[in-house]
Amino acid sequence: MKRTILLSMAVSTLLLHAGDVQALEKRVTLLEEALRVSQDSKIDEAMSSKSNSFNQKAYIPDISLILNASAVNRNIDNSLYEGYGIDGFVDTTDEIAFNKNKGFNFNYAEFAMHSAVGPYFDADAIFHLSSDSFEIEEAYITTKKMPYNLQVKAGTFKSGFGRINTIHQHAQHFVSQPLVYEAMFGVEGIKDPGLSVNWVVPTDTYIMLGAEVLQGTNELSFGDSESLLYTGYVKGGFDLGDYTTALWGVSIAKGKTDTNKDSTVYGADFTLKQTIDSYSSVTWQSEYLYRDRDNVIQAGIYTQLLYDVNSNWEVGARYDALTKNSPTYADDLKKYSAIVQYKPFEFTKLRLQYTHDNSKIFNGERKSLNEFALEYVVEIGAHGAHAF
Amino acid sequence: MKKLILMALFSSVVFAKVNVATTYQYLGEVVKAIGGEYVKVDVLANPKLDPHFIVPKPSYIGKLRREDLLIINGGQLEIGWLPPLLKSANNEKVNAGGDGFVDVSRVVHMIDKPKSVSRAYGDIHPDGNPHFATDIHSIIPIAKLIARKLESIDTEHKAIYKSNLKKFITKYKALINLLNKQMKSCKIHKVVQYHELFNYALHANGIKSVGNLEPLPGISPSSKHTLMLINLMKKENIKTILQDVYHEKKTAKFIADKTGAKISIVPHDVGATCEANTLENFYKSIAKQLCH
């Protein structure tokens, strides 16, 4: 009895085995057939459609476009505002880049591209287009594989001098530049063809050293066509607990004026940021610039407080003062600004700024300027995040 | 004397740890579990903050400058805060494409990949939902990837990483079984949430997310949308609102008042809530919060 059961069991497993093999064989045949059909259909496809082998769509750089337009009301007429000066610093401005007209302005369309060139370099280009000009705002390459973690930048770019010189108008927290920057470098800051080297010190606390050699075309502080401009800066930051950070920096820019006289600008800045939650923070930022331009000492400061209320609203105030001027000029030049910004979505900013400014000279006469500017800034496309 | 120098040299080799940074806390926990005493882990993001908008701190640059390995969540979750830090740190090893750059989203099957991408639909993630950390099933493949990477850059301790991985897998397989069993008795089948943050955990447990408090990803709640949601919740008899730790809670409270629903604070990362203080407790807490 036992034997028969065992035998039948053995036979049945054998049978089952044979059945399994058959089933497997059938599946293999089916798979082979499917593979053949798919190969055939690929051949059909290759016969009927064109090759895509030279398509380079995947290599399109990150492209973005930023639009900035505004409505402005001020107590100075357009004809008078054109070519305003800053007492003791600027005789007449030759170009007003932003919010020039009382009434409506289309300030610019900023077209930016970014991509890796290859394993060794990244390339960035930022073009400013306005109704009557095309301007290369910045265009440079950055190294990626330099020894000792050095980072070299070459091309034309905004200098790393100071706290805010590299930040474009649309990314700044106020519609207008701080007065001291405007007085010493103009609204577009130090922007030159040249070369820069940065090095981050390998410590837990962030310290970055930088040096630049630039063409020195900035006419307000430098501008000698034969001499280069040298800048150097040290920037650092540290955490004070989980939610508080401090940033500091000291800078120097040394060049020659358009009359070939020595000109040096020193800068010091300090920022304290208190994070409240993901969407709310308070930032206090101050910066002092001191200039020795052919033995004429001038200096100025700004200090600003910004409160990010939530992901939609930000309010801020800034105090600007030119604290030192040439002996024959006024030394009570001040500017007050207040701003409210509404951001319904990450890439959309609406901002309203009120400015009271007593530093400006219109047609040889110093007059207080009161201004309201309502501006929108939108970003479309692939625009990288901004640094702190 | 010679012996002493040799010993000093040897010990410095022995104690040379692999420097690893992870963007989020849960990844740091996995690295610690696999790497043990042979790795030094720096976690960048504060788990109490929105993972999309981590406030960049200068100290991150100092850290990134020195790391051998950077492990990110990927799926574009870090796109709003990490790239400028990497650029400033200028550390070839951990830049995207470097040998020490690991994107764990590559080993996870991403869900909710949008069929069409436009910012008109809000701040969507074109590669799919990057919040897979909330599903415990993601953690084993992620641990495998991290172990492989550690083995490849620190061959000396390969065996240890392998055995730690084995232990990790055994532990988390048991936890998966435990939580699966626990979730079977869950009476909740439909929820609403603030942002599509918990879809992976919900998906794994057969719970349906019927709506979001934000009208579109990255857009703050509006009264119109909130009223619509209240009506929907009443109609579908939804009694659970899943709330993260970092968004405002006023909207959820308002909806809860009108519908009688309960607000569950669900952690999105290890350390987001007190209860989620370890990786294990993070998953236990998610299971608990989804179902009570």
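Residues numbered from 1 in each chain as written. Chains lettered and ligands numbered in written order. Predicted model: local features only at pLDDT ≥ 70, side-chain atom pairs only at ≥ 80, totals over all residues.

A count of helices and strands for chain A gives 3 helices and 19 strands. Its C-alpha radius of gyration of 31 Å places chain A more than 25% over the 21 Å reference for a compact globule of 388 residues. A buried classification covers 30% of the 388 residues belonging to chain A. Sequence separation of 24 or more characterises 55% of the internal contacts of chain A that already satisfy a separation of 6 or more. (Helix = DSSP H or I, 4+ residues; strand = E, 2+ residues; numbered from the N terminus. Rg over C-alpha atoms; globule rule 2.2 N^0.38 Å. Buried ≥ 20, exposed ≤ 12 C-beta atoms within 10 Å, placed from the backbone. Contact = placed C-beta atoms within 7 Å.)

The subject of this paragraph is the nonpolar core. Core analysis: the largest hydrophobic core is formed by 80 residues, its most contacted members being B:V30, B:V31, B:I34, B:L64, B:I71, B:A143 and B:I146. Ignoring any residue separated from it by four or fewer positions in sequence, one finds B:I71 in contact with B:V20, B:T22, B:L27, B:V31, B:V102, B:V104 and B:I146. Formed by 24 residues, the second largest nonpolar core is a distinct cluster that contains A:F161, A:F222, A:Y302 and A:L333. (Core = buried A, V, L, I, M, F, W, Y, C linked by C-beta atoms within 7 Å.)

Bringing the sheet that holds strand 1 (residues 18-22) of chain B into the picture now. All names here are of chain B. The parallel open sheet is built from 4 strands, whose spatial order is 2-1-3-4. A strand with exactly one partner marks an edge of an open sheet, and here the two such strands are strand 2 (39-43) and strand 4 (101-103). When strand polarity is set aside, the average angle formed by the axes of neighbouring strands in this sheet is 20°. Across the sheet, helix 2 (residues 25-35) lies against strand 1, strand 2 and strand 3 (69-72), angled at about 175° from strand 2, the strand it touches most. (Pairing = 2+ DSSP bridges. Axes fitted to C-alpha atoms, helices over the stretch in contact; angles between N-to-C directions.)

What follows concerns the domain arrangement of chain A. Domain assignment breaks chain A into domain 1 (1-48) and domain 2 (66-381). Measuring from the centre of the C-alpha atoms in domain 1 of chain A to the corresponding centre in domain 2 of chain A gives 74 Å. (Domains from an automatic or database assignment.)

Residue and element names in this part refer to chain B. Topologically, V270 is positioned in the loop between strand 8 (262-265) and helix 10 (279-290). On a C-alpha basis, the gap between V270 and N46 in space is 9.9 Å, while along the polypeptide they are 224 residues apart. Beyond its immediate sequence surroundings of up to four residues, V270 is in contact with Q25, Y26, E29, P47, A276, T278, L279 and F282.

Residues and elements named next belong to chain B. When its domains are assigned, chain B resolves into domain 1 (15-176) and domain 2 (183-290). Taken together, the 26 residues of domain 1 in the interface contact 25 residues of domain 2. Sorting elements by how many residues they give to the side of domain 1 that touches domain 2 places helix 2 first, with 4 residues. Its residues assigned to classes, the side of domain 1 that touches domain 2 comprises 13 nonpolar, 7 polar and 6 charged. (Nonpolar A, V, L, I, M, F, W, Y, C, P; charged D, E, K, R; others polar.)

To continue, consider the interface of chain B and chain A. Across the contact, 31 residues belong to chain B and 29 residues belong to chain A. Elements supplying a minimum of two residues to the side of chain B that touches chain A: helix 3 (58-64) and helix 4 (82-89) of chain B. Classifying every residue of the side of chain B that touches chain A gives 13 nonpolar, 10 polar and 8 charged.

Let's shift gears to the sheet that holds strand 6 (residues 208-212) of chain B. All names here are of chain B. Across the sheet, 4 strands lie side by side as 6-5-7-8; this open sheet has parallel pairing. The open sheet has two edge strands, strand 6 and strand 8, and neither has a second partner. Each strand of the sheet is rotated relative to its neighbour by a mean of 35°, with strand direction disregarded. Pairing of strand 7 (residues 240-243) with strand 8, which is carried by 4 bridges, proceeds in the parallel orientation. By the bridge assignment for strand 8, L242 is matched with S264. Against the sheet, helix 8 (residues 223-236) engages strand 5 (190-193) and strand 6, with an angle of about 155° to strand 6.

Let us look at the environment of B:P130. Note on placement: B:P130 falls in the loop between strand 4 and helix 5 (139-153). The contact partners of B:P130, leaving out residues within four places of it in the chain, are B:N73, B:G74, B:G75, B:Q76, B:L77, B:S105 and B:H125.

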